[in-house]
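Survey of secondary and tertiary structure
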Amino acid sequence: MEQGEAAPPAAGEKGGEEEDDFGYRLFPDRNKKPQSFLVRSLFTFHNRCQLMLRMTLDTNPYAQLLLEAMKQSGCTVFNDRHFSCEDCDGCVSGGFDSATSQIVLCQNNIRHQSHMNRVVTHELIHAFDHCRAHVDWFKNVKHLACSEIRAANLSGDCTLMNEISRFKFGLKGHHQTCVRDRAIRSILAVRKVSKETAEKAVDEVFDACFNDLEPFGRIPHSKTDAKRAYKDFQNRDRYNANL
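Nothing here was measured: the structure is a model prediction, and the numbers come from that model. (Residues numbered from 1 in each chain as written. Predicted model: local features only at pLDDT ≥ 70, side-chain atom pairs only at ≥ 80, totals over all residues. Heavy atoms only, no water.)

1. Let's talk about helix α8 (residues 174–190)
Because each turn of an α-helix spans 3.6 residues, side chains separated by three or four positions in sequence point in the same direction. Selection rule: Under the scheme used here, helices are H or I runs from DSSP no shorter than 4 residues and strands are E runs no shorter than 2 residues, and both carry numbers assigned from the N terminus. To estimate the expected span of a helix, subtract one from its residue number and multiply by 1.5 Å. Remark: exposure states derive from per-residue accessible area (1.4 Å probe, protein chains only) relative to the maximum for the residue type, with buried under 20%, exposed over 50%, and partly exposed in between.
Compared with an ideal rise of 1.5 Å per residue, which puts 17 residues at 24 Å, α8 spans 25 Å between its outermost C-alpha atoms and is within 8% of the ideal. Within α8, 13 of the 17 residues are buried, which leaves the element mostly enclosed by the surrounding structure.

This is the structure in structure tokens:
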């Protein structure tokens, strides 16, 4: 899940005393009857979200690589079917609904194109994991932790510029620290578990999941890195086709 900068809900500290809603409270529009196209077209937030989404899918190398990788894995992504612009809780920017295989984009919280690029990439990594592996999103917190680590690591969430914009600075090991912290925050936002439980889950799978760089083959620290990764991915596919 892609978060805003607000702290996760306090319910995350209660460690299972309440029934877990798996984060659906953060996406209230999930339970509402879909509005007609005419009604939705009258809302500026929805129009802006759709335009930024189209720009991301058409031009962003992170998203383009992930879309191609999912297609090759038998999980072709369709804009109208697999993306939904909705109003969300103020602390989140997006989410992956595994029950519907749909990416939710928080139209009221995504305000600029670079943010949309990052949210779409983050959630597409979850979708890619859902496609290629038997992820138990609801019962196995380690599975959730692994996908959150990968999403934070590979989406650009923890680039130097993004961290500076959050007033967080560091050199040695800072990228790993950022990935760990954001994975923990994401778990606490969508699961009613203690911070200790979230930290334990992340730490137990961190090395393996941090080093799982599929489908990029590297950590894309910038758009230039992502373009190189996309080109390498396409070349790898051509090579395999000629074997």
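We are not done yet, so read on.
2. Re unusual backbone geometry
Residue Pro215 is reached from Glu214 by a cis peptide bond, and omega for that bond is 0 degrees. Turning to its location among the elements, Pro215 is positioned in the loop between α9 (195–210) and α10 (223–241). Although it is not a glycine, Ser101 sits at a positive phi angle of roughly 55 degrees. Positionally, Ser101 belongs in the loop between β3 (92–97) and β4 (102–106).

3. Examining the state of the cysteines
Basically, it comes down to this: Any pair of cysteine sulfurs within 2.5 Å is marked as a disulfide.
Taken as a whole and assessed by the stated rule, the structure comprises five disulfides. The disulfide partner of Cys88 is Cys106, and the gap between their sulfur atoms is 2.2 Å. Here the S-S torsion is close to -90 degrees, and the disulfide linking Cys88 with Cys106 is therefore left-handed. Note that Cys88 is positioned in the loop between β2 (83–86) and β3 and Cys106 in strand β4, a separation of 18 residues in sequence. No difference in accessibility class separates Cys88 from Cys106, as the two residues are buried. The disulfide that involves Cys146 links it to Cys209, with 2.0 Å between the sulfurs. Handedness here is read from the sign of the S-S torsion; for Cys146 and Cys209, about -110 degrees, the answer is left-handed. Linking Cys146 in helix α6 (residues 141–154) with Cys209 in helix α9, this pair joins segments that are 63 residues apart in sequence. For the residue pair Cys146 and Cys209, the accessibility class agrees, reading buried in each case. For the protein chain, the bonded cysteines connect in the pattern 1-3, 2-6, 4-5, 7-10, 8-9 when numbered consecutively along the sequence.

4. Concerning the pattern of salt bridges
This is how it is decided: Put simply, a salt bridge is a Lys or Arg side-chain nitrogen that is within 4 Å of an Asp or Glu carboxyl oxygen.
Inspection of the entire model under this criterion finds 12 salt bridges. A salt bridge links Asp212 to Arg132; its shortest N-O distance comes to 2.5 Å. Placement of the pair is Asp212 in the loop between α9 and α10 and Arg132 in helix α5 (residues 113–132), with a sequence separation of 80 residues. The shortest N-O distance in the salt bridge between Asp203 and Arg180 comes to 2.7 Å. Taken together, the residues span a long stretch of sequence, with Asp203 in helix α9 and Arg180 in helix α8 at a distance of 23 residues. Overall, Asp203 belongs to the partly exposed group, its relative accessible area being 42%. In this structure, a network of salt bridges that share partners links the residues Asp129, Arg132, Arg150 and Asp212.

Everything listed is a geometric property; what it means functionally is a separate question.
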